[in-house]
Amino acid sequence: MTDLTKLSAAALADKLSAGEVSSVEATQAHLDRIAAVDADVHAFLHVSEHALDVAADIDRRRAAGDDLGPLAGVPLAIKDVLVTTDMPSTSGSKILEGYMSPYDATVVARSRAAGLVPLGKTNMDEFAMGSSTEHSAYGPTRNPWDLSRIPGGSGGGSAAAVAAFEAPLALGSDTGGSIRQPAHVTGTVGIKPTYGGVSRYGAIALASSLDQVGPVTRTVLDAGLLHDVIGGHDPHDSTSLAHDWPSFAAAAREGATGEVLKGLKVGVIRELPDSGFQAGVSESFRAALAAMESQGAEIVEISAPHFEYGVAAYYLILPAEASSNLAKFDSVRFGLRVDVPGGTVEDVMAKTRDAGFGEEVKRRIILGTYALSAGYYDAYYGSAQKVRTLIQQDFADAFSKVDVIATPSAPTTAFKLGEKIDDPLQMYLNDVTTIPANLAGVPGISIPSGLASEDGLPVGIQFLAPAHEDARLYRVGAALESLLVDSWGGPLLDRAPALGANGGAR
Ligand code: GLN
């Protein structure tokens, strides 16, 4: 591994703009890294054939004196849920194998316009359903900390790519935790923006009232830089907010001074049972809170009595919306078609959907169709929506007393591949602390809080803020990050053993 793959996006961007390194060199270094480790990690479903050409173009424009954005020339990995014109977009499903989109997702278009260099498309659980990438139709991604373990999901590919130094930046999507939980288990940073803060145009829909696109990075500042590129109003997305967002990179820089911690009120949820959490996860969480307290933050116990019903409500709302969103994969409009000689249109649709969808997708389509059916709608979907409102009220009450809420980002560290795949309920419980933010539409960030004492694997701390207050998360996240990285004597990822000493190839 060269130093170029080791740099944060911000540091790499500085070298690029100073002319110390070219985008072609930076891109080549990452392509070499992918070639060296991705057979083991399997973060990528597709590596771009165009990356070096794009990089060369940025170098030319820089040489010509063009006014390039702050991240111009920096490589970017893109979750396969986001459609791209120059690479296939499958959302981790066989039903979309080889599918080429006629347009770019808005976040992809904005990244290209900002001069970022798309490196490839990252692996994910099929249609973003899962917490381990084991539901990908193309085989799982492995955790760079321990290749026998999961990298989280659904965006395990984006998190692993960043953790394995295959890309400095990645895009993810978070419907119930798919940016934050992979960040937790890989020692990376992930942000789920306020609902509507980042365009979902061209993000293959899972559950439209929950989906958000966001950054996956190694530092809080890098996330802010990428968020500044992809965020803001998009007329193509009717749920996109017309809001005047501040610079999130500026918020991260300001936060790094630590001033924000003085007098900051950090809410801790009384009802979150300690029992569901691995001891090392709880320890790391408490240690992070103590570090904040030592810098003047105040830890305040708050009540969010409906938080724990989030998972139950989510697994009615999500399948209901997913069953509707996935109806368009009907063998006529997109992707796979399995011919049935002499069969009816219905036969072709049924055979295609049977062959093209995996087990988890089928499970959720059946669940969702059932929950929405006449006679059950009120009992299931209607009740779940009421719980959603109660969770929103819990958040509103809490944020009248505290500035941010803190939780562990997930209950356990990375588990072994195969450990939970046959037990959907256990898999669903991974998102107990991340799901409420999606139900309420509020922003959340996960940053590394340390390594769990019992297994030496990364743990993340999550902060939640009121809607529109994403900048607060960047300030608080950067403040804690700089405290912790100082106390560790360097970034956590330098210690990922599966990648060898100092993150080098094994
Ligand atoms: N793990 C959750 C699920 O399976 C979250 C997925 C997501 O955020 N896309 O639905």
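Note that this is a predicted model, so its numbers are computed, not measured.

As a further point, take the overall build of the protein chain. Along the protein chain, the regular secondary structure elements total 17 helices and eleven strands. Its C-alpha radius of gyration of 21 Å places the protein chain within 12% of the 23 Å reference for a compact globule of 506 residues. Within the protein chain, buried positions represent 59% of all 506 residues. Looking at the protein chain alone, contacts between residues at least 24 apart form 77% of all its contacts between residues at least 6 apart.

Below, the discussion takes up the sheet that holds strand E9 (residues 404–408). In any sheet, the strands associate via hydrogen bonds between backbone groups, in a parallel or an antiparallel arrangement. Read from one edge to the other, the open sheet built from eleven strands follows the order E1-E3-E2-E4-E6-E5-E10-E11-E9-E7-E8, with strand pairing classed as mixed. A single partner strand is all that each edge strand has here, and the edge strands are strand E1 (44–47) and strand E8 (298–302). The mean inter-strand angle of the sheet, taken between neighbouring strand axes irrespective of direction, is 30 degrees. Two elements, strand E7 (residues 265–269) and E8, share five bridges in a ladder whose sense is parallel. The residue bridging Ile269 from the neighbouring strand is Ile302, located in E8. Contacting E7, E8, E9, strand E10 (444–451) and strand E11 (458–464), helix H10 (residues 279–294) runs over the sheet at an angle of about 55 degrees to E11.

Considering all chains together, one arrives at 18 salt bridges under this definition. For Glu259, the salt bridge is made with Lys262, and the minimal N-O distance between the two is 3.0 Å. Both residues of the pair, Glu259 and Lys262, belong to the exposed class. Overlapping salt bridges bring together Asp86, Asp104 and Arg112 as one network.

The next thing to look at is the site of the ligand. With respect to spatial proximity, 16 residues lie near the ligand, and among them Thr175, Gly176, Ser178, Tyr314 and Asp431 are the closest. Gly177 places a main-chain nitrogen or oxygen 3.2 Å from an oxygen atom of the ligand. Interatomic distance of 2.5 Å between a side-chain N/O atom of Asp431 and a nitrogen atom of the ligand. Notes on the ligand: free accessible area 290 Å², of which the protein chains cover 100%. Per element, the largest residue contribution to the shell around the ligand is three residues, and it comes from helix H11 (residues 310–325). Per-class residue counts for the shell around the ligand are six nonpolar, seven polar and three charged.

On to a nonpolar patch on the surface. A surface patch of nonpolar side chains, about 280 Å² in accessible area, is lined by Tyr370, Tyr376 and Tyr380. Along the chain, Tyr380 falls in helix H14 (residues 378–399).

Moving on, we come to the packing of helix H8 (residues 220–230) against helix H17 (residues 470–488). To describe two helices that pack against each other, one gives the angle between their axes and the distance between the axes. It is at 9 Å that the axes of H8 and H17 come closest, and there the two elements cross at 155 degrees. The pairing of H8 with H17 is recorded here as roughly antiparallel in orientation. Contacts between H8 and H17 involve Val220, Ala223, Gly224 and His227 from the first element and Asp470, Tyr474, Gly477, Ala478 and Glu481 from the second. Here the residues of the contact of H8 with H17 sort into four nonpolar, three polar and two charged.

A few words now on the confidence of the model for the protein chain. The predicted model of the protein chain averages 96 in pLDDT, with 98% of residues at 70 or higher. Every residue in residues 501–506 is under pLDDT 50, and counting partners more than four places away or in other chains gives 18 contacts.

A few words now on the pairing of strand E4 (residues 169–174). Of all six residues making up E4, six are buried, and the element is well covered by its neighbours. On E4, burial covers both faces: Leu169, Leu171 and Ser173 on one face and Ala170, Gly172 and Asp174 on the other are all buried. Bridge count between strand E2 (residues 75–79) and E4: three bridges; the pairing is parallel. In the strand pairing of E4, Leu76 is matched with Leu169.

Criteria and thresholds
- Residues numbered from 1 in each chain as written.
- Predicted model: local features only at pLDDT ≥ 70, side-chain atom pairs only at ≥ 80, totals over all residues.
- Heavy atoms only, no water.
- Helix = DSSP H or I, 4+ residues; strand = E, 2+ residues; numbered from the N terminus.
- Rg over C-alpha atoms; globule rule 2.2 N^0.38 Å.
- Buried < 20%, exposed > 50% of the residue type's maximum accessible area, 1.4 Å probe, protein only.
- Contact = heavy atoms within 4.5 Å.
- Pairing = 2+ DSSP bridges.
- Axes fitted to C-alpha atoms, helices over the stretch in contact; angles between N-to-C directions.
- Salt bridge = Lys/Arg side-chain N within 4 Å of Asp/Glu carboxyl O.
- Near = heavy atom within 4 Å.
- Polar contact = N/O pair within 3.5 Å; in protein donor to acceptor, adjacent residues only side chain to side chain.
- Areas by Shrake-Rupley, 256 points an atom, 1.4 Å probe, with all protein chains shown as cover.
- Nonpolar A, V, L, I, M, F, W, Y, C, P; charged D, E, K, R; others polar.
- Patch = residues over 30% accessible without salt bridge, like charges linked within 9 Å, V, L, I, M, F, W, Y side chains within 5 Å.
- Parallel < 35°, antiparallel > 145°, perpendicular 65-115°, else oblique.
- pLDDT = per-residue confidence, 0-100.

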